[in-house]
Amino acid sequence: MANVSYHISNLLEKMTSTDKDFRFMATNDLMMELQKDSIKLDEDSEKKVVTMLLKLLEDKNGEVQNLAVKCLGPLVSKVKEYQVETIVDTLCFNMLSDKEQLRDISSMGLKTVIAELPPTSTGSALTANVCRKITAQLTGAIGKQEDVSVQLEALDILSDMLSRLSGTLVSFHPSILGSLLPQLTSPRLAVRKRGIIALSQLVPSCSSAIFSQLTEHLLTELSRNESTSTTRTYIQCLAAISRQAGHRVGEHLEKIMPVVVKYCNVEDDELREYCFQAFEAFVRRCPKEMSPHIPTVIKLCLKYITYDPNYNYDNDEDEEDSMEADNGEDEDQEPDDEYSDDDDMSWKVRRSSVKCLEAVVSTRRDLLQELYKTVSPALIARFKEREENVKADIFLAYISLLKQTRPIQAWLQASDPGGKEDPSLAMLKKQVPSVVKALHKQLKERSMKSRQGCFSLLTELANVLPGALGDHIPAVIPGIVYSLTDKSSSSNMKIDALSFLNVLLCSHPPEVFHPHIKVILPPVVTCIGDPFYKITSEALLVTQQLVKVIRPLEKLSSFDAKPFVKDLFAGTLKRLKAADIDQEVKERAISCMGQVVCNLGDQLGADLQPTLQIFLERLKNEITRLTTVKTLTLIAGSPLKIDLRPILAEGIPILASFLRKNQHALKLGTLTALDIIIKNYNDSLKPAMVESILIELPALIGENDMHVSQVAITLLTSLAKLCPSSLPKISGPVLSEVFNLVHSPLLQGGALNAILNFFQVLVATKTSSMGFNELLKNLTRPFYNPPQSACAAPLHRQSYYSVAKCVAALSSMCPKEATSMVNNFIQDVKSTKSSDSVRILAFLCLAKVGHSMSLGGQKEVKTVILEAFSSPNEEVKSAASYALGNICVGNLSEYLPFMLKEIGTQPKRQYLLLLSLKEVISSSSVESLKPYVEDIWTLLFKHCECVEEGTRNVVAECLGKLTLVNPSQLLPRLKKQLSAGSPHARSTVVTAVKFTIVDQPLPIDSLLKGCIGDFLKTLQDPDLNVRRVALVMFNSAAHNKPSLIRGLLATVLPHLYKETQIRKELVREVEMGPFKHTVDDGLDVRKAAFECMYTLLDSCLDCLDMFEFLNHVEEGLKDHYDIRMLTFIMVARLSSLCPNVVIQRLDQLVEPLRATCTTKVKAGSVKQEFEKQDELKRSAMRAVAALLSISEVEKSHIMSEFTAQIRASSEIASIFESIQRDATSSSPTETMDTS
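Residue positions are given per chain, counted from 1 along the sequence in the order it is written. Reporting of local features is limited, given that this is a predicted model, to residues whose pLDDT is at least 70; pairs of side-chain atoms are given and counted only at 80 or more, and all residues count toward the totals for whole chains, interfaces and linings. Only hydrogens and water are removed before side-chain values are computed, so all heavy atoms of the structure are retained for them.

Chemist: Would you mind going over helix H57 (residues 1106–1116) in detail, with residue names and values included?
Modeler: Between buried and exposed lies partly exposed: a residue is buried under 20% and exposed over 50% of the maximum accessible area for its type, with that area taken using a 1.4 Å probe on protein chains only. Secondary structure elements are taken from DSSP: a helix is a run of H or I of four residues or more, a strand is a run of E of two residues or more, and numbering for both begins at the N terminus. Along H57, 8 of the 11 residues are buried, which leaves the element largely enclosed by surrounding structure. For H57, every residue scored as buried is listed here: Met1106, Phe1107, Phe1109, Leu1110, His1112, Val1113, Glu1114 and Gly1116. Lining the buried residues of H57 we find helix H15 (287–290), helix H55 (1049–1058), helix H56 (1083–1099), helix H58 (1121–1137), helix H59 (1139–1144) and helix H60 (1146–1158). N-capping of H57 is provided by Asp1105, with a side-chain oxygen placed 3.1 Å from the backbone N of Phe1107. Throughout, a residue-residue contact means that at least one pair of heavy atoms, one from each residue, lies within 4.5 Å. We call two N or O atoms a polar contact when they sit within 3.5 Å, provided that within protein one can donate a hydrogen and the other can accept it, with sequence-adjacent residues counted only if both atoms are side-chain atoms.

Put into structure tokens, the structure is as follows:
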């Protein structure tokens, strides 16, 4: 401490030196000291430092003054509060000084101090006190009209303070408003402008009364319309307020809109511009309230988008027609400069109206078809705009329209039935010719900005409608070539042209380019040699695509590629050989040359082998090895059978060594490459090469990385099949790792399928040490001889299924051995000595084997299974049921009639038999089931009114899956049952419909779309359970096939929302001894309804009225524990999906969150109650964290109060901090599985 004080006093002494350099260096050293976190000043040092820095602010040397100002920032957090107040008082006093330089430096100092004050959310007393001091001084300074520069600085500082710390100034808001409003009529425009900025920073956090006062003032002044100049200011102010706090403008919009529309028609270009800027802010920030005004806004925009009184476009059109007759070759057009007029402000009106249109387009996807009818043709007609800046905005508006036309989520589109095309896409298709006609001349204009705009627009068009430009390639190619060859083209221009060409090549069939290759190729190859690496990189990407176009390998092509091979090869080779180039260029040169070799390798002649040697060199380089591995995979898989033998001897050991590297992508890429090499070049592989691969494989097979394991086992399968010499090596450690993986609880999907394939190949080789019986013993050993050690965990259920599948795979290859194996399994089940795990395994193996081959010869199977139905062990029963179903699939004619008879006559075994029937319906082919459909259908309907809900659910699943066998006949019959049956029967039918909706396209989809509305009418069913299952079915449709229900939302949503409400008649009290317990029978239905709402956020967001939606979310926030947990997650999700809407309803959302956090559990409650409340608080805090991620929420007065309350409670503050830490380390919002 003493050292620091001594050092600081030394610096302070130097600061009094007459030499400005001494003063400068001492101040600089002080700043370095203050920036250290460890520095602590004693009271005396603090006082001296503050006094000295304030004195240096008046230094004669400007550089010393600037450094002193910079020192104030770190000093604020190092000195006591009263010292900061001294600094602020001095700075405020100096701001009113007569000396201009001192005023400027003091205002900089105040801004520095404000920037360093702790934010409002920390609840710092220092911030509050300092802000009050500054505000009182500033409002006084603003009120003084004498010196404009003082006013401007004061307004600037006030804006800074309001934007950062407005929450601490709530008590000053009335006086701030009072001092700002008169500034809007100041004779100086700069004062008005800064006054508007300060007001816009005030509105997010001010009270409703202050906001209403401001709005009323603006409207009153606008209605008085004293002068056009002040009217402009007030309209600008409205726009600025709306941009900062649009959610608050909404309630006043009905009064504001007619006024702004009125001023749109006044002959004043600047005023019109401000009106459109206000419209744009309203459209973006008050979407719901603006809905009725959107047609008016569009009409005005379309009127003024063409407003250009000083220019006649008709002459241009006549010229254009004559140019088209001359084939558009004449490029020496007159420049437009002679038409430009310095006083012409009409371009500002056009630009602001286009920006307003863009706002409408980007926020109103629901009006898409209407926009294509009215707005799209108008925008296309304005592509001829003469003012560059306006034209750029017109292109951006059209690009927004194209982006809105893209399906919201491609995966949803893919899973939907391939029915009708989206009408807006169909409308766009019709307009493509007029878009190209309007643009293709501009692709040759001198203006680079216009050309870049054209390329951006056409790129978006090609992405939205792949193939749409196929007929217009001849019109587009000359423009691309012009931008690539024009000497005046900038680097960005060339990159944009190449990028567009790449998109064009990827999104259109090769044939359409063949006539133009001669023109396209030379400029692209020239760009490969460009000195700027970004152009080279983009050109290599295009060249790679061009190679695929010139000689597509998927289909025969009559196009002759020979004349182009030499140029392509030479241009790429130059970049491939270069070592001193950018990493991206290196990688793309490797990929591009790989494509050349893959598609044109047979035409390279003597150049082929030297090129492959270069690839070998690149394989040895750590930086380029991954790209080279992928390239070798491409070449090895080429149908041209490229000769890779010369590089295999050296290449294979290098590739094998990569399998040891700790780089996931490299391992996967290398395994894939080796697999393709083994498949296509196995005759060239020496035993030593194969051995070098096999040594590396055991370490890669394990449950730690299933993806790598899968690819490694696929490679192992190829080795076993194609390299017999490798078989002895496989039987060792590699095989034991595969067996360990089979017994892993994590094995499933692709990795399991790879193992099944591997075992089938292995058993087919008939190697003595890996025959059927040996493999079978190894697979089943852990079940028959479980490890005896105490720490060995019992095998997981997944392991049973994995082993059973492996056994079935082996049986399919060795049917003779399989018969005796089946007998053994039957004996295992019958034996009283067998453990339950052996019985379960035996049943599952019988199931899998019986599924693929008939067990008709085994007479004991039926008896054994029916006996097992009486086992005391539930898992044995379940396995027996599963076995019966699967054995039946392999021999329907014998087992299905037996099963149906048993279901009818054995009520005790009914549930297990129905589960077996479910397996049969799920796994049998449509054709094999058809003869039995009627019998099954009749039987199921006999049981659809069963009292047991579990049985009804199985019946429903059977009915649903059976309907998929013959949907055209069975779906109408299912629909008919809706009106015929009891509540139990109706709930079974509705649940059955849920099982007909899967996420893959099926023939039933078009039929379902026509009648799902009838099934959804059960949402109005008098029976509570029927309504619940109808909601579950609706949720399934919204999740798996949204297109089924999108058109019905208008009628379904009111019934869905109705089910979210608490119904008092369903709440009852149950006496439990001395206690009374409340039971809510409607809870499950409400939960199902809220789950549906959550799913709709993912799949049908654009069809929802979010304000209506939020009404019900707000109600859910006050509901039962389960529902509050759901709605907290929904609030977090909504914060990221539609922040603007959430901001408008912030006050209503915060209150229930606050109530949850402040609720105390009654003393003496059970432990579960405390845990539940804790979980509720955590979930509420996640919602609060998500709300705070919206930038404007922090400025809200109610939110700042709530965050202060959170900090004040140590318990809630610690929960909140832990959630914020989690949020930064993972994704910010929770997701909920509702499938």
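Chemist: So, the pairing of strand E2 (residues 1075–1080): which residues are in play, and what are the values?
Modeler: Here strand E1 (residues 1067–1072) pairs with E2 via 6 bridges, running antiparallel. Its bridge partner being in E2, Glu1071 is matched across the sheet by Lys1076. A loop of 2 residues connects E1 with E2, the two strands running antiparallel in sequence, and Gly1073 in this loop sits at a positive phi of about 65°. Note on pairing: two strands pair once DSSP finds at least 2 bridges between them.

Chemist: Please give an account of the nonpolar core that cites residues and values.
Modeler: Judged by nonpolar contacts, the single largest core of 423 residues is most densely connected at Tyr398, Leu697, Phe759, Phe843, Leu917 and Ile1045. Once residues lying within four places of it in the same chain are set aside, the contact partners of Tyr398 are Tyr372, Ser376, Leu379, Ile380, Phe383, Leu428, Gln431, Val435 and Leu457. Among the buried residues, those of types Ala, Val, Leu, Ile, Met, Phe, Trp, Tyr and Cys that are joined through side-chain atoms within 4.5 Å form a nonpolar core.

Chemist: Report on the environment of Leu300, specifying residues and quantitative values.
Modeler: Position of Leu300 among the secondary structure elements: in helix H16 (residues 294–304). Sequence separation between Leu300 and Leu357 is 57 residues, and the spatial gap between their C-alpha atoms is 9.6 Å. Residues within four places of Leu300 in sequence aside, it is in contact with Val261, Cys264, Asn265, Phe276 and Phe279.

Chemist: Which residues make up helix H50 (residues 967–980), and what are the values?
Modeler: Here H50 spans 20 Å end to end across 14 residues, near enough to the 20 Å set by a 1.5 Å rise per residue. When we look at burial in H50, the residues that qualify are Pro967, Leu970, Leu971, Leu974 and Leu978. Buried residues of H50, seen end-on, are gathered within an arc of 105° and therefore sit on one face of the element. In H50, the exposed residues that point more than 90 degrees away from the buried face are Lys976, Ser979 and Ala980. Summarising the contacts, the buried residues of H50 are in contact with helix H48 (933–942), helix H49 (949–963), helix H51 (983–994) and helix H52 (1004–1016). Each residue after the first adds 1.5 Å to the expected span of a helix. By construction, the arc corresponds to the directions joining the helix axis to the C-beta atoms.

Chemist: Which residues make up the packing of helix H26 (residues 517–528) against helix H28 (residues 562–577), and what values do they have?
Modeler: For any two helices packed against each other, one specifies the inter-axial angle together with the distance between the axes. For helices, the fitted axis covers only the stretch in contact; all axes are lines through C-alpha atoms, and the angles between them, taken along N-to-C directions, range from 0 to 180 degrees. One can describe the packing of H26 onto H28 by two numbers: an axis separation of 9 Å at closest approach and a directional angle of 15°. In terms of their interaxial angle, H26 and H28 are classed as roughly parallel. The element H26 and its partner H28 pack so that their crossing is left-handed. Residue-level contacts link Ile517, Lys518, Leu521, Val525 and Ile528 of H26 to Phe564, Asp567, Leu568, Gly571, Thr572 and Arg575 of H28. Amino acids are sorted into nonpolar (Ala, Val, Leu, Ile, Met, Phe, Trp, Tyr, Cys and Pro), charged (Asp, Glu, Lys and Arg) and polar (every other residue, Gly among them). Considering only residue class, the contact of H26 with H28 consists of 6 nonpolar, 2 polar and 3 charged. An angle below 35 degrees is treated as roughly parallel, one above 145 as roughly antiparallel, one from 65 to 115 as roughly perpendicular, and anything else as oblique. Note on convention: the crossing is left-handed when the near helix lies turned anticlockwise from the far helix by less than a right angle, right-handed when the turn is clockwise.

Chemist: Tell me about the packing of H56 against H57, and name the residues and values.
Modeler: Close contact between H56 and H57 brings their axes to 12 Å; oriented N to C, the two are set at 140°. If you check the angle between H56 and H57, you find them oblique. The crossing of H56 and H57 is left-handed. The residues of H57 that touch H56, namely those facing Phe1090, Met1093 and Leu1097, are Met1106, Phe1109, His1112, Val1113 and Gly1116. Its residues assigned to classes, the contact of H56 with H57 comprises 6 nonpolar, 2 polar and no charged.

Chemist: I'd like to hear about the packing of aromatic side chains, residue by residue, with values.
Modeler: Geometry of aromatic contacts follows a simple scheme: Phe, Tyr and Trp rings, the Trp one being its six-membered ring, pair when their centres are within 6.5 Å, and the pair is stacked under 30 degrees between planes, edge-to-face over 60, tilted otherwise. Per the counting criterion, the structure on display carries 13 aromatic pairs. Relative to Tyr533, the ring of Phe532 lies with its centre 5.5 Å away and its plane at 70°, an arrangement referred to as edge-to-face. For the ring pair Phe559 and Phe564, a centre distance of 5.8 Å and an interplane angle of 5° mean the geometry is stacked. With relative accessibility at 21%, the residue Phe559 sits in the partly exposed group. Accessibility expressed as a relative area gives 12% for Phe564, which makes it buried. An aromatic cluster of at least three residues, connected via ring pairs, comprises Phe276, Phe279, Tyr304 and Tyr307. Above the plane of the ring of Phe658 lies Arg625, whose end atom (NZ or CZ) is 5.4 Å from the centre. A positively charged side chain is recorded as over a ring if its NZ (Lys) or CZ (Arg) lies within 6 Å of the ring centre. The angle to the ring normal must also be within 35 degrees. Directly above the aromatic system of Tyr895 lies the positively charged group of Lys862, at a separation of 5.2 Å from the ring centroid.

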